[in-house]
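# Report on the structure
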Amino acid sequence: MSIANLFQKQSTVFSFEVFPPKRNSPIDTIYKTLDELQDLKPDFISVTYNAGGSGDPAKQPTCEIASIIKEKYGIPPLAHLTCVNSTREEISIVLDELKAKGVEDILALRGDINPDVPPKTDFAHASDLITFIKGQSGFSLSGACYPEGHCECADVVSDIHNLRKKVDAGAKHLISQLFFDNSAFYSFVERARIAGIDVPIEAGIMPVVNKNQIERMVSLCGASLPPKFTKMISRYDGHPEALRDAGIAYAVDQIVDLISNGVDGIHLYTMNNPYVARKISESISSLRTV
Ligand code: FAD
């Protein structure tokens, strides 16, 4: 069953994101993480692809990890795939590899533009990648969306028009960028529905458990920080354990509110941290069955 179809089966889909080990780290480290995540029973696990855009797109272990998630752990995998640094031929090689490994769900992305790596010209937007993959059978496609607008887009209205192009091209499911203010997500979903975007939209939740992570995340994605969040950060700054526990509680609070408001799904950015994923999953496990 494709990931998009999971949303017809259950009221709230609950999924995880993991990333491949950093360069020079052995691939096995991700398997240790997956060993610890598997019994939390996510509906699917997504694996990032060349995040930051600095690696060689031809040498990404995403496909291998996605295949292990499916074969060893019996969990549906969602393989991220970016196109900004690839030609059509290079993308075709990755698609052949995914097909050979039985990985059918792809999160089709443009990718982060690295200022040191000039983009290639075959694909300008994620919608171009979706159109290209749609031309080959056997894949089901998802896309990314941005509750507070994508950082390069002039305004949220144009961003929604562009998102509609992505869905019209063939994205059957969307996963949102992280956000800390649920009202921004609700307004976004309302705009998307008005624009005729009717596919399931999963809310991307990032538990913030240390201060460096906040600074990095905010500079990368520009998520707005509500006063409740900034007060929490300053109150527990310098107390790592307290900040971690407060960050977990904040994420749980966001998730409870989202599920109560009928969100299609929760996509937890685990940051490869099984402890945090476990605490959150256990706190909301009974909510998933209602
Ligand atoms: P697009 O949909 O192409 O949008 C990029 C910009 O172009 C937006 O401003 C949009 O409004 C505009 N646009 C889109 N289509 C059109 C059009 N047809 N005409 C005119 N303008 C248009 N990055 C990685 O490198 N690896 C990953 O694994 C990864 N995983 C991610 C997972 C999620 C859930 C999210 C939310 C992001 C992820 N990213 C990842 C980051 C992503 O690659 C960046 O945010 C990137 O800048 C945009 O990617 P996109 O697919 O949303 O691009």
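Here, every reference points to the structure presented above.
Residues numbered from 1 in each chain as written. Predicted model: local features only at pLDDT ≥ 70, side-chain atom pairs only at ≥ 80, totals over all residues. Heavy atoms only, no water.

## Comments concerning the nonpolar core
By size, the foremost hydrophobic cluster in this structure holds 64 residues, and its most contacted members are Leu34, Leu81, Leu98, Leu174 and Ile266. Counting residues per element, this core draws most heavily on helix α10 (residues 240–260), at 6 residues. Those residues in contact with leucine 98 that sit more than four places away from it in its chain are Cys63, Ala79, Val103, Ile106 and Phe139. (Core = buried A, V, L, I, M, F, W, Y, C linked by side-chain atoms within 4.5 Å. Buried < 20%, exposed > 50% of the residue type's maximum accessible area, 1.4 Å probe, protein only. Helix = DSSP H or I, 4+ residues; strand = E, 2+ residues; numbered from the N terminus. Contact = heavy atoms within 4.5 Å.)

## A look at the site of the ligand
Around the ligand sit 27 residues, and of these Tyr49, Arg110, Tyr146, Asp159 and Lys166 come closest. Lysine 165 is positioned such that a nitrogen or oxygen atom in its side chain is 3.5 Å from a nitrogen atom of the ligand. Considered on its own, the ligand offers 970 Å² of accessible surface; in the complex 87% of this is hidden by protein. Elements supplying a minimum of two residues to the shell around the ligand: β3 (77–82), β4 (105–109), α5 (126–134), α6 (156–169) and β6 (174–178). Broken down by element, the shell around the ligand gets its largest block of residues, 4 residues, from α6. Classifying every residue of the shell around the ligand gives 10 nonpolar, 11 polar and 6 charged. (Near = heavy atom within 4 Å. Polar contact = N/O pair within 3.5 Å; in protein donor to acceptor, adjacent residues only side chain to side chain. Areas by Shrake-Rupley, 256 points an atom, 1.4 Å probe, with all protein chains shown as cover. Nonpolar A, V, L, I, M, F, W, Y, C, P; charged D, E, K, R; others polar.)

## Brief notes about the pairing of strand β8 (residues 265–269)
Of all 5 residues that make up β8, 5 are buried, and the element is covered over most of its length. Burial along β8 is two-sided: Gly265, His267 and Tyr269 and Ile266 and Leu268, pointing in opposite directions, are all buried. Where strand β1 (residues 13–18) lies against β8, 5 bridges are found, and the strand directions are parallel. What sits directly across from serine 15, in β8, is histidine 267. (Pairing = 2+ DSSP bridges.)

## Considering the pattern of salt bridges
Under the counting rule described, the total for this entry stands at 13 salt bridges. Lysine 72 is paired through a salt bridge with aspartate 35; the nearest N and O atoms lie 3.6 Å apart. Highlighted residues: lysine 72 in the loop between α3 (62–71) and β3 and aspartate 35 in helix α2 (residues 28–37), separated in sequence by 37 residues. Since its relative accessible area comes to 37%, aspartate 35 is described here as partly exposed. Residue arginine 193 is joined to aspartate 264 by a salt bridge in which the shortest nitrogen-to-oxygen separation is 3.1 Å. You can see arginine 193 sitting in helix α7 (residues 182–194) and its partner aspartate 264 sitting in the loop between α10 and β8, a full 71 residues away along the chain. The exposure class of aspartate 264 is partly exposed, given its relative accessible area of 25%. Here the salt bridges do not stand alone but share partners, grouping Asp39, Arg278 and Glu282 into one network. (Salt bridge = Lys/Arg side-chain N within 4 Å of Asp/Glu carboxyl O.)

What is shown is where atoms sit, not what they do.
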